[in-house]
Amino acid sequence: MHGDTPQPMTPPAPASASGATGTSQPATMEFKAVDNESETHSGFNLMVAAYAAIWVILMGWLFLLWRKQSALHTRIDDLEREIDKAAEKAEKAAKQGAR
Amino acid sequence: MAQGASRSGDLGFKALVAITTVLFVATIDVAFLRAPIEARMGIVQKIFYFHAPSAYTMYLGATACFVGSVAYLVRPTDGRDALARAGAELAVVFGLIVLVTGPLWGAKAWGFYWTWDPRLTTSMLQVLIYVAYLVLRAFTGDGEGERKFAAALGILGAANLPIIHFAVQKWGGQHPTVIGKGGGGLAHPDMKLGFALAMIAFTLFAAALLWARVRLELAKSRLTHAEEDAIDLGLDQRTEA
């Protein structure tokens, strides 16, 4: 992840220091690529990633809660079915008793 | 009477959710649109408005788990156990948010995602303790013994809270202190406002999540009791687990 640190840029020497007398020379500077170095992380991308992660985690939890609730509904349905069966049986028994 | 209490409870929950929503919208507005970009870190500093409140919410969840666990050991009830369980879940969810958003900020601010800094390490430990709690609850049944064992773990987990909090002051490390004693503070009034709104919004959000989660857990307990009664009365042909 960490490559070589780029060298700080050095400004070109003033014209007077380079021995030129009076004539203004164009400042020259060479741009060099640094091998295997991506300058730094994009702050914007990291921020977006952080907020996306927050939503993914919260939605994941919501999904788990929804599944828990679905499991509860299934259990309630099963219980209701069993109660209905028992009620039917009790009704039949009562009818037979009355005969 | 019970129906009236339930209705007022529902109304209170809806009001809580509504206020939380408004506060979140206000937080996003202030944090993203009004608060200035930080001078050294740039836009990535805006992660702070949700990272620090998430850490605080993790503390709230852990505290709820601690309170529920202690109360359960004193006098076991379904409600107390439900509070402990809901608190542990809240601590894990917001702990994960902290552990994901923090390194993303660190990548820009420090140049690396992770370091074994005291606060980072103790925070990860905290999340792992509550993950262990939830794994225990998920795979060991819901008997009295299991609940008591989980309550002990819930109390143990809370012991780590002050260690996380004072880790930076005691042992230094990379993690910055911005708010509170020894903190650098927030220089701009809109930064302060955004952070204050986020803290209030997350507090109310935590309360709403705890409330909803405790209710779900209580409904599950009631259903379990109803199933057991049905089996005892011979209404249900299934056997007890």
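Here, every reference points to the structure presented above.
Computed from a prediction, not measured in an experiment: that's the story for all the values here.

> What am I meant to see in the interface of chain A and chain B here?
Where interface size is quoted, it is often the accessible area lost as the parts come together. On the side of chain B, 35 residues touch chain A, which itself brings 27 residues to the contact. A per-residue breakdown of the area chain A buries against chain B is headed by Tyr51, Trp61 and Arg75 of chain A, which together make up 22% of the total. In this assembly, chain A and chain B are joined by 2 salt bridges. With a closest N to O distance of 2.9 Å, glutamate 227 of chain B and arginine 75 of chain A form a salt bridge. Joining chain A to chain B, the criterion identifies 5 residue pairs in polar contact (both at pLDDT 80 or more). Of the residues that constitute the side of chain A that touches chain B, the class distribution is 17 nonpolar, 5 polar and 5 charged.

> Mind showing me how you'd approach the environment of leucine 16 of chain B here?
By the element assignment, leucine 16 of chain B lies in helix H1 (residues 2-34). Measuring from C-alpha to C-alpha, the distance between leucine 16 of chain B and glutamate 217 of chain B comes to 20 Å, with 201 residues separating the pair along the chain.

> Which parts of the structure should I look at to understand the packing of aromatic side chains?
The description of two aromatic rings rests on the distance between their centres and on the angle between their planes. Residue and element names in this part refer to chain B. Here the structure, examined in full by the defined rule, presents 15 aromatic pairs over all chains. On the basis of an interplanar angle of 25 degrees and a centroid distance of 6.4 Å, the ring pair of phenylalanine 24 and phenylalanine 50 is categorised as stacked. Here phenylalanine 24, found in helix H1, pairs with phenylalanine 50, found in helix H2 (residues 48-74); they are 26 residues apart in sequence, far enough to count as distant. A ring pair is formed by phenylalanine 24 and phenylalanine 205, whose centres lie 5.4 Å apart and whose planes are at 85 degrees; its orientation type is edge-to-face.

> Help me understand the environment of glycine 141 of chain B in this model?
On the secondary structure map, glycine 141 of chain B appears in the loop between helix H4 (118-139) and helix H5 (144-158). With 20 residues separating them in the primary sequence, glycine 141 of chain B and threonine 121 of chain B have C-alpha atoms 31 Å apart.

> Any chance you could explain the environment of isoleucine 19 of chain B here in plain terms?
Relative to the helices and strands, isoleucine 19 of chain B is located in helix H1. The exposure class assigned to isoleucine 19 of chain B is partly exposed, which follows from its relative accessible area of 46%.

> So what exactly am I meant to see when it comes to the nonpolar core here?
In summary, soluble globular proteins display a tendency toward joint burial of nonpolar side chains. Ranked by internal contacts, the top residues of the largest apolar core, which has 64 residues, are Ile47, Tyr49, Phe50, Leu90, Phe94, Tyr130 and Tyr133 of chain B. A per-element tally of this core places helix H3 (residues 78-109) of chain B first, with 14 residues.

> Could you clarify how one ought to interpret the pattern of salt bridges in this entry?
A pair can form between side chains of opposite charge whenever their charged atoms are brought close. Residues and elements named next belong to chain B. Evaluated as defined, the whole model comprises 18 salt bridges over all chains. Among the salt bridges present, the one from arginine 85 reaches glutamate 217, with a minimum N-O distance of 3.3 Å. Residue arginine 85 is located in helix H3, and its partner glutamate 217 is located in helix H7 (residues 189-232); the two are separated by 132 residues in the primary sequence. Using a relative accessible area of 8% as the deciding quantity, one classes arginine 85 as buried. Note on glutamate 217: relative accessible area 6%, which makes it buried. One salt bridge in this structure joins glutamate 217 and arginine 213, with 2.9 Å as the shortest N-O distance. Here glutamate 217 pairs with arginine 213, and both are found in helix H7, just 4 residues apart, close to one helical turn. A single burial state applies to glutamate 217 and to arginine 213, both of which are buried.

> How do you make sense of a nonpolar patch on the surface when you look at a structure like this?
Residues and elements named next belong to chain B. A contiguous nonpolar patch, built from Phe66, Val67, Val70 and Val74 and spanning about 330 Å² of accessible area, is present on the exposed surface. Checked against the element boundaries, phenylalanine 66 lands in helix H2. The partly exposed category is assigned to phenylalanine 66, whose relative accessible area is 34%.

> What am I meant to see in H3 of chain B here?
Given 3.6 residues per helical turn, the α-helix brings residues three or four places apart onto the same face. Residues and elements named next belong to chain B. The first and last C-alpha atoms of H3 sit 46 Å apart over 32 residues, in line with the 46 Å expected at 1.5 Å per residue. By the criterion of burial, H3 is predominantly enclosed, with 24 of the 32 residues buried. Once H3 ends, the next one or two residues include glycine 111, with phi positive near 95 degrees.

Rules used throughout
- Residues numbered from 1 in each chain as written.
- Chains lettered and ligands numbered in written order.
- Predicted model: local features only at pLDDT ≥ 70, side-chain atom pairs only at ≥ 80, totals over all residues.
- Heavy atoms only, no water.
- Contact = heavy atoms within 4.5 Å.
- Buried area = accessible area lost by both parts, 1.4 Å probe.
- Salt bridge = Lys/Arg side-chain N within 4 Å of Asp/Glu carboxyl O.
- Polar contact = N/O pair within 3.5 Å; in protein donor to acceptor, adjacent residues only side chain to side chain.
- Nonpolar A, V, L, I, M, F, W, Y, C, P; charged D, E, K, R; others polar.
- Helix = DSSP H or I, 4+ residues; strand = E, 2+ residues; numbered from the N terminus.
- Phe/Tyr/Trp six-rings, centres within 6.5 Å; stacked < 30°, edge-to-face > 60°.
- Buried < 20%, exposed > 50% of the residue type's maximum accessible area, 1.4 Å probe, protein only.
- Core = buried A, V, L, I, M, F, W, Y, C linked by side-chain atoms within 4.5 Å.
- Patch = residues over 30% accessible without salt bridge, like charges linked within 9 Å, V, L, I, M, F, W, Y side chains within 5 Å.
- Areas by Shrake-Rupley, 256 points an atom, 1.4 Å probe, with all protein chains shown as cover.
- Expected span 1.5 Å × (residues − 1).

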